[in-house]
Amino acid sequence: MTPTRTAETQEAGFESIRNVMMKEARLRAADLSAVPITPGLYVIWFHGSEEVCLKVGIAGPRRRDGLRGRLKLHFASNPSNSVLARHMIADATPAWAARYDFRVRADRRVFLNTRCSFAALELTGTTELSLRALERRFEAAFRPRYIGRVGEPYDS
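As the structure is a computational prediction, the values presented were derived from the model and not from experiment.

Colleague: How do you make sense of the pairing of strand 3 (residues 116-122) when you look at a structure like this?
Modeller: Within a regular beta strand, the side chains point alternately toward one face of the sheet and then the other, so they alternate between its two faces. Burial of strand 3 is extensive: 6 of the 7 residues sit out of reach of the surface. In this structure, strand 1 (residues 40-47) lies alongside strand 3, joined through 7 bridges in antiparallel fashion. Its bridge partner lying in strand 3, Tyr42 is registered against Ala120.

Okay, structure coming up:
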């Protein structure tokens, strides 16, 4: 295969996965039991006056509880095992979530459980490296608020 064809194939694969992800049912924290315990990709959104992508992430093949376990950790919002929780704490009181103080775990949990949804896409048989590359592509496409180092400036 030529390099151009490989790039086209990779792009077509990404677009296919992106289209599937966009059509996936948006689930809430209450739906976590329906999420598979397999590797895959997830996207978490906030629903306010406009939809904001908060986080794009993966659950790799080494993670025994897969997507369900990873998402449960995020929705439990414990900073010791969720980078999403650490980002929210650093963000503290964004204007679009004015009623919530993200420094308070109970506020983060209520916010995530009532104002946010997610989509999860099972991707079995893929490597950790492939999942990481796909995660970077989705981060570039969806531009999540919480990406990069915790505490870096967050867009208003």
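Colleague: It is not clear to me how the packing of helix 3 (residues 83-91) against helix 4 (residues 105-115) should be interpreted in this structure. Could you clarify?
Modeller: Think of two packed helices as two axes; the pair is described by the angle between the axes and how far apart they sit. Relative to each other, helix 3 and helix 4 sit at 115 degrees, their axes nearing to 11 Å. The orientation of helix 3 relative to helix 4 falls into the category roughly perpendicular. The crossing of helix 3 and helix 4 is right-handed. Across the interface between the two elements, Leu84, Ala85, Met88 and Ile89 of helix 3 pack against Arg108, Phe111 and Leu112 of helix 4.

Colleague: What's the story with the side chain of Arg108 in this structure? I'm lost.
Modeller: Here Arg108 shows up in helix 4. Buried Arg108, no salt bridge; nearest opposite-charge side chain is Asp101, N-O distance 7.3 Å.

Colleague: Help me out: how do you make sense of the confidence of the model for the protein chain in this one?
Modeller: The predicted coordinates ought not to be read in detail in places where the model reports low pLDDT. Summarising the model, the protein chain shows a mean pLDDT of 85, and 91% of its residues fall at 70 or more. Taken element by element, the predicted model of the protein chain shows its lowest mean pLDDT in helix 1 (residues 3-23) (59) and its highest in helix 3 (96). Segment residues 1-9: pLDDT under 50, and 2 contacts once partners within four positions in sequence are set aside and those in other chains are kept.

Colleague: Explain the environment of Thr127 here, please?
Modeller: If you trace the backbone, Thr127 turns up in the loop between strand 3 and helix 5 (128-142). Classification of Thr127 as partly exposed rests on a relative accessible area of 44%. Note: C-alpha distance between Thr127 and Asp65 (62 residues apart in sequence) is 16 Å. Within the structure, the side chain of Thr127 is placed 3.0 Å from the side chain of Ser130, a separation counted as a polar contact.

Colleague: Explain the packing of helix 2 (residues 66-76) against helix 4 here, please?
Modeller: In contact at an axis separation of 8 Å, helix 2 and helix 4 are set at 125 degrees when each is read in the N-to-C sense. Judged on the interaxial angle alone, helix 4 and helix 2 are oblique. Between helix 2, through His74, Phe75 and Ala76, and helix 4, the contact on the second element is made entirely by Arg105, Arg109, Leu112 and Asn113. Broken down by class, the residue content of the contact of helix 2 with helix 4 amounts to 3 nonpolar, 2 polar and 2 charged.

Colleague: Any chance you could explain the pattern of salt bridges here in plain terms?
Modeller: Where charged atoms from two side chains of opposite charge approach closely, those side chains can pair. Counted according to the given criterion, the structure contains 5 salt bridges. Two residues, Asp91 and Arg145, come together in a salt bridge whose shortest N-O distance is 2.8 Å. Here the residue Asp91 occupies a position in helix 3, and Arg145 occupies one in the segment after helix 5, the gap between them amounting to 54 residues. Arg145 carries the same exposure label as Asp91, and that label is buried. Arg103 is the partner of Asp101 in a salt bridge, and the nearest nitrogen-oxygen pair spans 2.8 Å. According to the relative accessible area criterion, Arg103 is exposed, its value standing at 53%. Through salt bridges with shared partners, a single ionic network connects Glu128, Arg132 and Glu135.

Quick notes on the rules
Residues numbered from 1 in each chain as written. Predicted model: local features only at pLDDT ≥ 70, side-chain atom pairs only at ≥ 80, totals over all residues. Heavy atoms only, no water. Buried < 20%, exposed > 50% of the residue type's maximum accessible area, 1.4 Å probe, protein only. Helix = DSSP H or I, 4+ residues; strand = E, 2+ residues; numbered from the N terminus. Pairing = 2+ DSSP bridges. Axes fitted to C-alpha atoms, helices over the stretch in contact; angles between N-to-C directions. Parallel < 35°, antiparallel > 145°, perpendicular 65-115°, else oblique. Left-handed = near helix turned anticlockwise from the far one by under 90°. Contact = heavy atoms within 4.5 Å. Lys, Arg positive; Asp, Glu negative; His and termini not counted. Salt bridge = Lys/Arg side-chain N within 4 Å of Asp/Glu carboxyl O. pLDDT = per-residue confidence, 0-100. Polar contact = N/O pair within 3.5 Å; in protein donor to acceptor, adjacent residues only side chain to side chain. Nonpolar A, V, L, I, M, F, W, Y, C, P; charged D, E, K, R; others polar.

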